[in-house]
Amino acid sequence: MKLVIAVVQDKDSQKLVEVLVENGFRSTKLASTGGFLKSGNTTLLVGVEVQDVPAVLAIIRSICQAREELVAPMAPMGSGAVESYVPYPIEVLVGGATVFVVDVAQFHRY
Ligand code: 2BA
């Protein structure tokens, strides 16, 4: 079994959960916060059999869109040095989904 961990934009999360359910995949939706933009996003946990991983990834790809977001002034860009701060808004392309697929040692549902 595998655990698909997908960090997606809030705007796509409801539709994504609906389509996963329609296709027979269970998921858990967690409210999360991106470390860079410090704004809300959604992390989905999807436990699936190995052979179903490509189907889940295809669903995620089909629903989740990359979007331009404006980064607030003075957002830290790196080490924390003064030169690493941005003094004006910049546009950042936030990915449709950041996905990790990890092995599940054991799975129990009681
Ligand atoms: P955030 O950390 O809020 O990042 C939002 C977007 O800001 C990123 O989009 C990327 O385009 C940009 N960004 C992030 N760190 C940057 C930096 N140090 N310098 C310049 N630009 C930077 P995505 O890469 O699509 O990431 C979307 C969200 O996925 C992230 O939100 C974070 O919550 C999650 N994520 C991305 N990579 C991750 C990783 N390696 N581990 C855990 N979560 C990750």
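Our subject is the structure listed above.
All values reported here derive from a predicted model rather than from experimental measurement.

1. With respect to the overall build of the chain
Each helix and strand counted, the chain has 2 helices and 8 strands in total. Listing each helix as α and each strand as β along the chain from the N terminus yields β-α-β-β-α-β-β-β-β-β. The 110 residues of the chain split such that 29% are buried. A sequence separation of at least 24 residues applies to 67% of the contacts in the chain between residues at least 6 apart. When the accessible surface of the chain is totalled, it reaches about 7,200 Å², and 57% of it is carbon and sulfur.

2. What to know about the layout of surface pockets
Of the voids in this model, the largest pocket is the one considered here, and its volume is about 460 Å³. Lining the largest pocket are 24 residues, with L37, S39, G40, N41 and V94 positioned closest to its centre. Of all elements in the fold, only β1 (2–8), α1 (10–22), β3 (40–48), β4 (67–71), β5 (75–76), β7 (90–94) and β8 (97–103) reach the threshold of two or more residues within the lining of the largest pocket. Here the lining of the largest pocket takes 3 residues from β4, the largest share from any one element. Here the residues of the lining of the largest pocket are counted per class, giving 12 nonpolar, 8 polar and 4 charged. Its boundaries defined by the atoms lining it, the second largest pocket holds a volume of some 270 Å³. In terms of residue count, β3 provides more of the lining of the second largest pocket than any other element does, 4 residues in total. Residue classes in the lining of the second largest pocket are distributed as 7 nonpolar, 4 polar and 4 charged.

3. Concerning the nonpolar core
Counting residues in each nonpolar core, the largest one holds 17 residues, and the members touching the most others are L16, L20, V46 and V56. Elements supplying a minimum of two residues to this core: β1, α1, β3 and α2 (53–63). At 5 residues, the largest contribution of residues to this core is made by α2. The contacts of L16, once residues within four sequence positions are left out, are V8, L44, I59, I60, I63 and C64.

4. What to know about the site of the ligand
Around the ligand, the structure places 13 residues, and the nearest of them are F36, L37, N41, L93 and G95. F36 has a polar backbone atom sitting 2.8 Å from an oxygen atom of the ligand. Burial of the ligand by the protein chains amounts to 55% of its free accessible area of 750 Å². The set of elements that each furnish at least two residues to the shell around the ligand consists of β7 and β8. For the shell around the ligand, the per-class residue count stands at 8 nonpolar, 5 polar and no charged.

Conventions adopted
- Residues numbered from 1 in each chain as written.
- Predicted model: local features only at pLDDT ≥ 70, side-chain atom pairs only at ≥ 80, totals over all residues.
- Heavy atoms only, no water.
- Helix = DSSP H or I, 4+ residues; strand = E, 2+ residues; numbered from the N terminus.
- Buried < 20%, exposed > 50% of the residue type's maximum accessible area, 1.4 Å probe, protein only.
- Contact = heavy atoms within 4.5 Å.
- Areas by Shrake-Rupley, 256 points an atom, 1.4 Å probe, with all protein chains shown as cover.
- 1 Å grid on protein atoms, 1.4 Å probe; cavity = no way out; pocket = protein on both sides within 12 Å on 5 of 7 lines; lining within 4 Å.
- Points joined across faces, edges and corners; volume = space filled by probe spheres on them.
- Nonpolar A, V, L, I, M, F, W, Y, C, P; charged D, E, K, R; others polar.
- Core = buried A, V, L, I, M, F, W, Y, C linked by side-chain atoms within 4.5 Å.
- Near = heavy atom within 4 Å.
- Polar contact = N/O pair within 3.5 Å; in protein donor to acceptor, adjacent residues only side chain to side chain.

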